[in-house]
Amino acid sequence: MPNFDDDGGDRKLCIIVSKGTMEWATAAMVLGNAAIGEGIDLHVFFTFWGMDAIIDRRMDKLKVSPVANPSMKIPGTDIGMANMLAGLPGMTAFASSMMHKEMKALDVPPHREFMQMVADAGAHFWACRLTYDMLGLKKEDLWDEVDDVISASDFMELSDGAQIIFI
Amino acid sequence: MATELIGGVELDVDEEGFMTNPGQWTEELAPALGKEIGIDELTEEHWKVIHFLRSDYEAQGETATLRRVSTLAGVPTKDLYKLFPKKPAKKMSYVSGLQKPTGCV
């Protein structure tokens, strides 16, 4: 029978989310969701631009930018988008809506729903104290499921013995 | 190919122990598979998931992911983690006589 390793479940993973763009927030949740589905204790720490992913009024509006992103190709081609073109008004919104559709086709949930799924599975979400102070945020600005605002030292204690992924 | 004797039936299994021939699975077998992985009793909620997985497999040819079970069978994520603790995707597939899901989400 498969080794479900219920008792040896002391593996812990910390994901540091430092970017608040759609693609990197999604990457964090794909990995986090996979981790927690394997019985791994999961902590996600949001810092700097990654805070957008847990600021309640912003988290439904994450974007992906084609500017300075040579890996983003004109759809259906191998041609990267020239920065001059990518910088035109509306291009970020266009790229974001394209990516949103592509994700949806693969049944990847929108960001808030994805975060809720991972929260329901038992993950912990932490906000970075320094960024929180720098942006002048209040508790009510954060998404409900965020456990707390913690310092860099708190994070060091929390991540004791954990594997860490920095995104 | 490896085989394993579970519930009095000789089953084809892969190296991880998942059944490789979904046709060998029967409803009578599910409780025995559950016991193998520490689920002592299959409740109505377990059966809801198992029945969905079996019928979805018939239609799609692959095992549904947790996301698919929660959205299409209407079993909330929280409940899936309670019914099949720690590794719900693998455990629900195992009890249903299917391979673990290959999808990422």
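Everything numeric here is computed off the predicted structure, so don't read it as measured data.

### What about the overall build of chain A?
For step 1, the next point in the chain: Across its full length, chain A holds six helices and five strands.
For step 2, the next point in the chain: Helices and strands in chain A line up, N terminus first, as β-α-β-α-α-α-β-α-β-α-β.
For step 3, the next point in the chain: C-alpha atoms of chain A, sized along the principal axes, occupy 55 × 50 × 25 Å.
For step 4, the next point in the chain: Buried residues in chain A amount to 44% of all 167 residues.
For step 5, the next point in the chain: Across chain A, every contact between residues at least 6 apart in sequence was considered, and the portion connecting residues at least 24 apart equals 70%.
For step 6, the next point in the chain: A total accessible area of about 8,900 Å² is found for chain A, and carbon and sulfur atoms account for 57% of it.

### Focus on the pairing of strand S1 (residues 2-6) of chain B
All names here are of chain B.
For step 1, the next point in the chain: Sheet topology note: the S1/strand S2 (residues 9-13) ladder contains five bridges and is antiparallel. Looking across to S2, one finds that Ala 2 is bridged to Val 13.
For step 2, the next point in the chain: Counted along the chain from S1 to the antiparallel partner S2, the turn is two residues long, and its residue Gly 7 has a positive phi close to 60°.

### With respect to the nonpolar core
For step 1, the next point in the chain: Counting 74 residues, the largest nonpolar core has Phe 125 and Leu 142 of chain A together with Val 69 of chain B as the members making the most contacts within it.
For step 2, the next point in the chain: In terms of residues, this core owes the most to one element, helix H1 (residues 22-37) of chain A, which gives six residues.
For step 3, the next point in the chain: Core analysis: the next-biggest nonpolar cluster, separate from the first, contains nine residues, Ile 16, Phe 45, Cys 128 and Ile 150 of chain A among them.

### Observations regarding the packing of H1 of chain A against helix H3 (residues 91-105) of chain A
Residue and element names in this part refer to chain A.
For step 1, the next point in the chain: Running from N to C, H1 and H3 cross one another at 25°; their axes reach a closest spacing of 11 Å. Here H3 runs roughly parallel to H1, going by the angle between their axes. Of the residues in H3, those touching H1 at Met 22, Glu 23 and Thr 26 are Ser 96, Met 99, His 100 and Met 103.
For step 2, the next point in the chain: A class-by-class count of the residues in the contact of H1 with H3 yields three nonpolar, three polar and one charged.

### Topic: the pattern of salt bridges
For step 1, the next point in the chain: Per the stated rule, a full pass over the model turns up 11 salt bridges over all chains.
For step 2, the next point in the chain: One salt bridge connects Asp 52 of chain A with Arg 58 of chain A, and the closest N-O pair in it is separated by 2.7 Å.
For step 3, the next point in the chain: Between Glu 113 of chain A and Arg 67 of chain B there is a salt bridge whose closest N-O contact spans 2.7 Å. Here Arg 67 of chain B lies in helix H3 (residues 66-72) and Glu 113 of chain A lies in helix H4 (residues 111-120), a pairing that spans two chains.
For step 4, the next point in the chain: Its relative accessible area of 8% is what places Arg 67 of chain B among the buried residues.
For step 5, the next point in the chain: Salt bridges sharing partners connect three or more residues here, namely Asp 56, Asp 60 and Arg 112 of chain A.

### Brief notes about the interface of chain A and chain B
For step 1, the next point in the chain: With 21 residues of chain A at the contact, the number on the chain B side is 18 residues.
For step 2, the next point in the chain: Overall, the association of chain A and chain B removes approximately 1,900 Å² of surface from exposure, summing both partners, and the carbon and sulfur fraction of that is 55%.
For step 3, the next point in the chain: Here chain A is connected to chain B by three salt bridges.
For step 4, the next point in the chain: Linking chain A to chain B there are five residue pairs in polar contact (both at pLDDT 80 or more).
For step 5, the next point in the chain: Secondary structure elements with two or more residues in the side of chain A that touches chain B: H1 and H4 of chain A.
For step 6, the next point in the chain: Considering only residue class, the side of chain A that touches chain B consists of 10 nonpolar, five polar and six charged.

### Quick word on the sheet that holds strand S5 (residues 163-166) of chain A
All names here are of chain A.
For step 1, the next point in the chain: The strand order across the open sheet built from five strands is S4-S3-S2-S1-S5, with neighbouring strands paired in parallel fashion. The sheet terminates laterally at strand S4 (148-150) and S5, the two strands that pair on one side only. Sheet twist, expressed as the average angle between the axes of neighbouring strands with direction ignored, equals 25°.
For step 2, the next point in the chain: Across four bridges, strand S1 (residues 12-17) lies against S5 in parallel orientation. Pairing of Ile 16 across the sheet is with Phe 166, part of S5.
For step 3, the next point in the chain: With respect to the sheet, H1 is in contact with S1, strand S2 (41-46), strand S3 (124-128) and S5, its orientation differing from that of S1 by roughly 170°.

Criteria and thresholds
- Residues numbered from 1 in each chain as written.
- Chains lettered and ligands numbered in written order.
- Predicted model: local features only at pLDDT ≥ 70, side-chain atom pairs only at ≥ 80, totals over all residues.
- Heavy atoms only, no water.
- Helix = DSSP H or I, 4+ residues; strand = E, 2+ residues; numbered from the N terminus.
- Buried < 20%, exposed > 50% of the residue type's maximum accessible area, 1.4 Å probe, protein only.
- Contact = heavy atoms within 4.5 Å.
- Areas by Shrake-Rupley, 256 points an atom, 1.4 Å probe, with all protein chains shown as cover.
- Pairing = 2+ DSSP bridges.
- Core = buried A, V, L, I, M, F, W, Y, C linked by side-chain atoms within 4.5 Å.
- Axes fitted to C-alpha atoms, helices over the stretch in contact; angles between N-to-C directions.
- Parallel < 35°, antiparallel > 145°, perpendicular 65-115°, else oblique.
- Nonpolar A, V, L, I, M, F, W, Y, C, P; charged D, E, K, R; others polar.
- Salt bridge = Lys/Arg side-chain N within 4 Å of Asp/Glu carboxyl O.
- Buried area = accessible area lost by both parts, 1.4 Å probe.
- Polar contact = N/O pair within 3.5 Å; in protein donor to acceptor, adjacent residues only side chain to side chain.

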